[in-house]
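# An overview of the molecular structure
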Amino acid sequence: MRYLAVFTLVPILCFAFQDLGSEYGGLDWLTYGYAAWPMMIGPVLMLLLFIKNRELIRVPERGANFSQTIRIAAFLYLIPNLFMAFGYSWLAVVSVLSIVTILVADWQLKKRAGA
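Residues numbered from 1 in each chain as written. Predicted model: local features only at pLDDT ≥ 70, side-chain atom pairs only at ≥ 80, totals over all residues. Heavy atoms only, no water.

For the chain, the count of helices and strands is five helices and zero strands. Its helices and strands in sequence order give the chain the pattern α-α-α-α-α, from N to C terminus. Classification of the 115 residues of the chain by burial places 37% in the buried group. (Helix = DSSP H or I, 4+ residues; strand = E, 2+ residues; numbered from the N terminus. Buried < 20%, exposed > 50% of the residue type's maximum accessible area, 1.4 Å probe, protein only.)

Our focus in this paragraph is the side chain of serine 98. The residue serine 98 is located in helix H5 (residues 92-114) in this model. In this structure, serine 98 is in contact with Pro43, Val44 and Leu47, ignoring residues within four places of it in sequence. (Contact = heavy atoms within 4.5 Å.)

Between the first and last C-alpha of helix H4 (residues 66-87) there are 32 Å, a value that for 22 residues agrees with the 32 Å anticipated at 1.5 Å per step. In the structure, H4 departs most strongly from a straight axis at leucine 78, where the bend amounts to approximately 30 degrees and where the proline proline 80 lies between one and four residues downstream. (Expected span 1.5 Å × (residues − 1). Bend = angle between axes of the 7 residues up to and from the residue.)

Our next topic: the environment of isoleucine 51. Tracing the backbone shows isoleucine 51 in helix H2 (residues 32-52). Separated by 54 residues in the primary sequence, isoleucine 51 and alanine 105 place their C-alpha atoms 9.3 Å from one another.

Attention shifts here to a positive patch on the surface. Where like charges cluster on the molecular surface, the positive patch consists of Arg54, Arg58, Lys111 and Arg112. Note that arginine 112 resides in helix H5. (Patch = residues over 30% accessible without salt bridge, like charges linked within 9 Å, V, L, I, M, F, W, Y side chains within 5 Å. Areas by Shrake-Rupley, 256 points an atom, 1.4 Å probe, with all protein chains shown as cover. Salt bridge = Lys/Arg side-chain N within 4 Å of Asp/Glu carboxyl O. Lys, Arg positive; Asp, Glu negative; His and termini not counted. Charge placed at Lys NZ, Arg CZ, Asp CG, Glu CD.)

As far as function goes, none of this settles anything; it's purely spatial.
Right, here's the structure in full:
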């Protein structure tokens, strides 16, 4: 859960720092790419974490809230990455595919575990 928190919060903090630093601080070196790249890399790292810990979804007693937390974090990253895929860089499509993979695989693993 600590890794998931880091992969989720660091890109959001980079985005907030970029927005505040460029608007109020006059820091011209803080470009949009400073915030966009962590937002695109975060879901890919979450997918790797999901693949490594997929047994936590199969056995809910071991990973109490892992499934719900990773689904919420992935869904929250879906909208910004969709905008980035169309407006910033086509490489954000990789992040969107990672998010969709997390959401679909989580649903499939829960369905199999319940049967």
